[in-house]
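A structural walkthrough
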Amino acid sequence: MRDARFAAAFGPLNCDREWSAASTTALADRRAAKNKLWLIGGVLAALALAGLILEWLGVL
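Every value quoted in this text rests on a predicted model; they were computed, and no experiment measured them. (Residues numbered from 1 in each chain as written. Predicted model: local features only at pLDDT ≥ 70, side-chain atom pairs only at ≥ 80, totals over all residues. Heavy atoms only, no water.)

1. A short note on the overall build of the protein
- Tallying secondary structure elements over the protein gives 2 helices and 0 strands in all.
- Over its C-alpha atoms the protein spans a radius of gyration of 23 Å, topping by over 25% the 10 Å that the globule rule assigns to 60 residues.
- The principal-axis extent of the C-alpha atoms belonging to the protein is close to 70 × 25 × 10 Å.
- Classification of the 60 residues of the protein by burial places 2% in the buried group. (Helix = DSSP H or I, 4+ residues; strand = E, 2+ residues; numbered from the N terminus. Rg over C-alpha atoms; globule rule 2.2 N^0.38 Å. Buried < 20%, exposed > 50% of the residue type's maximum accessible area, 1.4 Å probe, protein only.)

Structure follows, in structure tokens:
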């Protein structure tokens, strides 16, 4: 914010919305992102493995 006084006035009013790395919401978001990353990685690995198997079998 450009006006430090204005920002300081709203600081106490929004303290419950302030981001914290240790908050339950932040932890849940990181857990969900990690689960999504593992899922996408698993799907990509399965596709790569299927491609290798199909190539080995001479289908592709």
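Still more to cover.
2. Some points on the environment of L47
- Mapped onto the elements of the fold, L47 is located in helix 2 (residues 24–57).
- Separated by 44 residues in sequence, L47 and D3 place their C-alpha atoms 53 Å apart.

3. Topic: the environment of L13
- Mapping L13 onto the fold places it in the loop between helix 1 (4–10) and helix 2.
- Along the chain, L13 and A32 lie 19 residues apart, while their C-alpha atoms are 29 Å from each other.

4. Overview of helix 2
- If you check helix 2, its first and last C-alpha atoms are 49 Å apart, about what 34 residues at 1.5 Å a residue would give, namely 50 Å.
- Directly beyond the C-terminal end of helix 2, a positive phi value near 85° is found at G58. (Expected span 1.5 Å × (residues − 1).)

5. Describing a nonpolar patch on the surface
- On the surface, L49, I53, L54, W56, L57 and V59 cluster together into a nonpolar patch covering about 670 Å² of accessible area.
- Tracing the chain through its elements places I53 in helix 2. (Patch = residues over 30% accessible without salt bridge, like charges linked within 9 Å, V, L, I, M, F, W, Y side chains within 5 Å. Areas by Shrake-Rupley, 256 points an atom, 1.4 Å probe, with all protein chains shown as cover. Salt bridge = Lys/Arg side-chain N within 4 Å of Asp/Glu carboxyl O.)

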